[in-house]
Amino acid sequence: MTSHIKMIPELSKESVSMRDPQRVEETLNSMRQAGPNTLQVISDFDMTLTRFAHNGKRCPTCHNILDNSKLISEECKAKLKDLLNTYYPIEIDSSRSVDEKLPLMVEWWTKAHDLLVQQQIRKDRLAIVVEESDAMLRDGYRQFFDHLRDQDVPLLIFSAGIGDVLEEVIRQAGVFHPNIKVFSNYMDFDESGVLRAFKGELIHIYNKREGALLNTGHFQELRARHNVLLLGDSLGDLTMADGVQNLENILKIGYLNDKVEERKQSYLNTYDIVLVKDETLDVPNAILSYITGSQ
Ligand code: TMP
Ligand code: MG
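Residues numbered from 1 in each chain as written. Chains lettered and ligands numbered in written order. Predicted model: local features only at pLDDT ≥ 70, side-chain atom pairs only at ≥ 80, totals over all residues. Heavy atoms only, no water.

Labelled according to an unreviewed UniProt entry, the protein appears under the name 5'-nucleotidase, originating from Chanos chanos. Under the Sequence similarities (unreviewed entry) heading, UniProt states for the protein: "Belongs to the pyrimidine 5'-nucleotidase family." (UniProt positions renumbered as here; feature names shortened; annotations may be inferred.)

See the structure below:
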């Protein structure tokens, strides 16, 4: 193993795989030399910043937090569960192409959002529902969020989940710091605080590139930050940095949570560092400490 990689013992964890350790070393070296003022972090939320499982039980996505809550009728819960059982296997099916999956993912999100809108969800109930949920950020989350804030590194959370719910998760964890910006699906409430629609363009798992390109203002503001650390858990997350201006170096870290054998090769081909069934932020934290020179 090469020298810079040796400087980061976490990269020797059993969960870590790399297609090209040499390239990872070179990228880390360039990013460290350029320093924290040139860095921005772009991360997916569900199953990337949050845990996939805890004690053998699946943890909820933003959508699941609502789906499993007391805000949803039993009849609607059953329908949402049917949707999950139909479409999640498609999301992670490595035998289907993105082109084939794309319309089906739009269908999933559209049907799920239509069902949620029928439930008269009240804005003032979201905090309690998040509090009562099993949502869990990955181990090491406080170090991750606090370190980025302390180093003045902007964090973009780019999520096909629900913005209002994810904000509440990080607010309740005490890590919704001012360096965070969120691109996600936000709820639109009427004057009495009842959900009536979702705002703006739908973000689903395979259109993050389009979402990134719609937000040129954000990337324009960060144009001096030409180095990117990207964190994701889906192959759709790889396009989250497509709007970045003057990109020089990008290091992509991918969490491979499910269907490991079938999907490992495609993750190795596209992510620089693949973390297999790793419920922690240890590797991103070690890399951030290394790049920002604060270890
Ligand atoms: P992410 O981009 O933050 O990871 O969010 C997308 C995840 O949300 C994706 O893995 C699928 C999941 N999802 C549900 O769990 N239930 C739903 O109803 C929908 C539409 C998506
Ligand atoms: Mg995800």
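Here the structure, examined in full by the defined rule, presents six aromatic pairs. Their ring planes at 90° and their centres at 5.4 Å tell us that Phe-144 and Phe-145 sit as a pair that is edge-to-face. Of the residues examined, Phe-144 reaches a relative accessible area of 0% and is grouped as buried. With a relative accessible area of 1%, Phe-145 lands in the buried category. An angle of 90° between the planes, with centres 6.2 Å apart, marks the rings of Phe-183 and Phe-219 as edge-to-face. Of this pair, Phe-183 sits in strand E6 (residues 180-185) while Phe-219 sits in helix H10 (residues 216-221), and the two are 36 residues apart along the sequence. For the pair Phe-183 and Phe-219, one class covers both residues: buried. Through pairs of rings, three or more aromatic residues link up here, namely Tyr-87, Trp-108 and Trp-109. Of note, Arg-32 hangs over the ring of Tyr-290, and the distance from its end group to the ring centre comes to 4.4 Å. A cation over an aromatic ring shows up here: Arg-138 above the ring of Tyr-255, its NZ or CZ 3.9 Å from the ring centre. (Phe/Tyr/Trp six-rings, centres within 6.5 Å; stacked < 30°, edge-to-face > 60°. Buried < 20%, exposed > 50% of the residue type's maximum accessible area, 1.4 Å probe, protein only. Helix = DSSP H or I, 4+ residues; strand = E, 2+ residues; numbered from the N terminus. Lys NZ or Arg CZ within 6 Å of the ring centre and 35° of its normal.)

What follows deals with the coordination of the magnesium ion (ligand 2). Protein coordination at the magnesium ion (ligand 2) comes from Asp-44 (OD), Asp-46 (O) and Asp-233 (OD), with a distance range of 2.1 to 2.2 Å. Mapping the donors of the magnesium ion (ligand 2) onto the primary sequence yields the spacing D-x1-D-x186-D. Taken together, the residues Asp-44 in the loop between strand E2 (39-43) and strand E3 (53-54) and Asp-233 in the loop between strand E9 (227-232) and strand E10 (249-256) connect sequence positions 189 residues apart. Overall, Asp-44 belongs to the buried group, its relative accessible area being 5%. (Donors = N, O, S within 2.8 Å, 3.2 Å for Na, K, Ca; no water.)

The residue Gln-119 is located in the loop between helix H5 (98-117) and helix H6 (126-131) in this model. Each C-alpha atom, one on Gln-119 and one on Arg-196, is 9.4 Å from the other, the two residues being 77 residues apart in sequence. Residues within four places of Gln-119 in sequence aside, it is in contact with Leu-71, Ile-72, Ser-73 and Cys-76. (Contact = heavy atoms within 4.5 Å.)

One water molecule sets the probe size; rolling that probe over the atoms shows where empty space is left. Taken as a whole, the second largest pocket encloses approximately 250 Å³ of empty space. Lining the second largest pocket are 16 residues; nearest its centre among them are Ser-184, Glu-201, Ile-203, Leu-214 and Asn-215. Going through the elements one at a time, E6 and helix H9 (208-214) are the ones with two or more residues in the lining of the second largest pocket. Considering every element that reaches the lining of the second largest pocket, the biggest residue donor is E6, with four residues. Counted by class, the lining of the second largest pocket contains seven nonpolar, six polar and three charged residues. (1 Å grid on protein atoms, 1.4 Å probe; cavity = no way out; pocket = protein on both sides within 12 Å on 5 of 7 lines; lining within 4 Å. Points joined across faces, edges and corners; volume = space filled by probe spheres on them. Nonpolar A, V, L, I, M, F, W, Y, C, P; charged D, E, K, R; others polar.)

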